[in-house]
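Notes for the structure review
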Amino acid sequence: MHVKIPRVPLVATLAAVVAAAALLAVPIPLRAPASAGFIRIPEAARGPAAPTAPTTPNATTPPASAAPEGTPAATVPGATPPGTRAPVVDHGPRTGNKVALTFDADMTDAMRNQLRSGAVRSYANLKIIDLLERERVPATFFLTGKWVEQYPDVTRRLAGNPRFELANHTYGHLAFTPDCYGLPRIAEREMTADVARTFDVVAAYGGRQTRYFRFPGLCHDRKALAALAPLGVTVVDGDVVSGDPFAKSWRPVVRASLDGVRPGSVIILHVTEANAPMTDEALPHILAGLAERGLEPAPLSEVLGLG
Ligand SMILES: [Zn+2]
């Protein structure tokens, strides 16, 4: 049994900044052997009722090649049968040469207040988007509803890029477990509606919609996963944590992104500028390092669906 390693989320409180800084020193191991497949069911969800077979949510590859019997052909990447517990994915199959660059777009009330007071200029790092567009790099964006509402024009730009996929990162980046890096907690009875509302907010922009979902701070337990069951989603954690929140230099971000990256990897980055100020400087080096390793960024649905 592997030990779950805490990972670094993007959070807004000072206490969390300190906690995140401490976590940056923690080496990030590969968390699952390739033979274990790429769907990880967390400890809290294991048991007789836990699903025993992974699903392969992907609309761009023939479903017959990988989907287990009983899984309906997905029309949207990440879609799973509503009513079943959401699968949790760390990475795709370790074959081929594709990796996923994923960018989280957090927006808490505290962050919004920082913007409104003028203390912070931007939580939308346009230099990242410029670079991805210029270099024609595919990427997947996990959007909070409040970030979308703060940045409708940027969201339109993301949705308008055929190389970008859009995914769900909750409405207001609240914690879905009791102890999640100091983030304010959402009530259990509000979880399902929060995530559903975010899908609605993002859906209005069109583009490459998905049913991929990422918890704030990657914090989830049995109750949080149960709350998602009606929504038919795939939970995507990731296997490469860049540690870009509150980074003081681009170098550790590059190192963390490239150490341990393998075919099928899902790299976690942030597009939140003021809270992840080095990501745009790190990104060219990350792209160069991936190319040196023969790895190629691809939309998340392609990375998870390969094999
Ligand atoms: Zn986040």
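Reading guide: rules and limits
- Residues numbered from 1 in each chain as written.
- Predicted model: local features only at pLDDT ≥ 70, side-chain atom pairs only at ≥ 80, totals over all residues.
- Heavy atoms only, no water.
- Salt bridge = Lys/Arg side-chain N within 4 Å of Asp/Glu carboxyl O.
- Helix = DSSP H or I, 4+ residues; strand = E, 2+ residues; numbered from the N terminus.
- Buried < 20%, exposed > 50% of the residue type's maximum accessible area, 1.4 Å probe, protein only.
- Pairing = 2+ DSSP bridges.
- Right-handed = clockwise from strand over helix to strand, strands pointing away.
- Phe/Tyr/Trp six-rings, centres within 6.5 Å; stacked < 30°, edge-to-face > 60°.
- Donors = N, O, S within 2.8 Å, 3.2 Å for Na, K, Ca; no water.
- Tetrahedral: all angles 85-135°; square planar, octahedral: opposite > 155°, others 65-115°.
- Arc of directions from axis to C-beta.
- Contact = heavy atoms within 4.5 Å.

Evaluation of the coordinates by the stated rule reveals 12 salt bridges. Ionic pairing is found between Lys98 and Glu296, a salt bridge with its closest N-O pair at 3.9 Å. Of this pair, Lys98 sits in strand S2 (residues 98–105) while Glu296 sits in strand S9 (residues 296–297), and the two are 198 residues apart along the sequence. Assessed through its relative accessible area of 19%, Lys98 is described here as buried. The residue Asp280 makes a salt bridge to Lys127 at a minimum N-O spacing of 3.9 Å. Here Lys127 lies in helix H3 (residues 126–135) and Asp280 lies in helix H9 (residues 279–292), a separation of 153 residues in the sequence. In this structure Lys127 comes out as partly exposed when scored by relative accessible area, which is 48%. The structure contains a network of salt bridges with shared partners spanning Asp109, Arg112 and Lys146.

Let us look at the pairing of strand S5 (residues 208–213). Relative to S5, strand S4 (residues 164–168) is paired through 3 bridges, and the arrangement is parallel. Along S5, the bridge assignment pairs Asn168 with Phe213. Handedness of the β-α-β unit built from S4, helix H6 (residues 191–203) and S5 comes out right-handed. Sheet topology note: the S5/strand S6 (residues 234–236) ladder contains 2 bridges and is parallel.

Here the focus is the environment of Pro77. Examined against the element boundaries, Pro77 turns out to sit in the loop between helix H1 (14–24) and strand S1 (88–89). Considered as a pair, Pro77 and Glu165 are 88 residues apart in the sequence and their alpha carbons are 9.4 Å apart.

For the rest of this paragraph, the subject is the packing of aromatic side chains. Counting across every chain of the model gives 6 aromatic pairs. Note on Trp147 and Tyr151: the rings are 5.2 Å apart at their centroids and 50 degrees apart in plane angle, and the pair reads as tilted. Of the two residues, Trp147 and Tyr151, both sit in the buried class. With a centroid separation of 5.5 Å and an interplanar angle of 65 degrees, the aromatic rings of Phe176 and Phe215 are classed as edge-to-face. With Phe176 in the loop between S4 and H6 and Phe215 in the loop between S5 and helix H7 (222–228), this pair connects stretches of sequence that are 39 residues apart. A relative accessible area of 0% places Phe215 in the buried class.

A separate point is the coordination of the zinc ion. Listed as protein donors to the zinc ion are Asp106 (OD), Asp106 (OD), His169 (NE2) and His173 (NE2); their distances from the metal cover 2.1 to 2.8 Å. In this structure, the zinc ion is surrounded by 4 donor atoms whose angles at the metal cover 50 to 136 degrees, and the resulting shape is irregular. Each donor residue of the zinc ion lies on one chain, and together they are spaced D-x62-H-x3-H. With Asp106 in the loop between S2 and helix H2 (109–117) and His173 in the loop between S4 and H6, this pair connects stretches of sequence that are 67 residues apart. Of the two residues, Asp106 and His173, neither departs from the other in class, the shared state being buried.

On to H2. All buried positions along H2 are accounted for by Met111, Arg112 and Leu115. All buried residues of H2 lie within an arc of 100 degrees about the axis, which places them on one face of the element. Residues of H2 that are exposed and point more than 90 degrees away from the buried face comprise Arg116 and Ser117. Looking at the packing, one finds that the buried side of H2 touches helix H4 (145–150).

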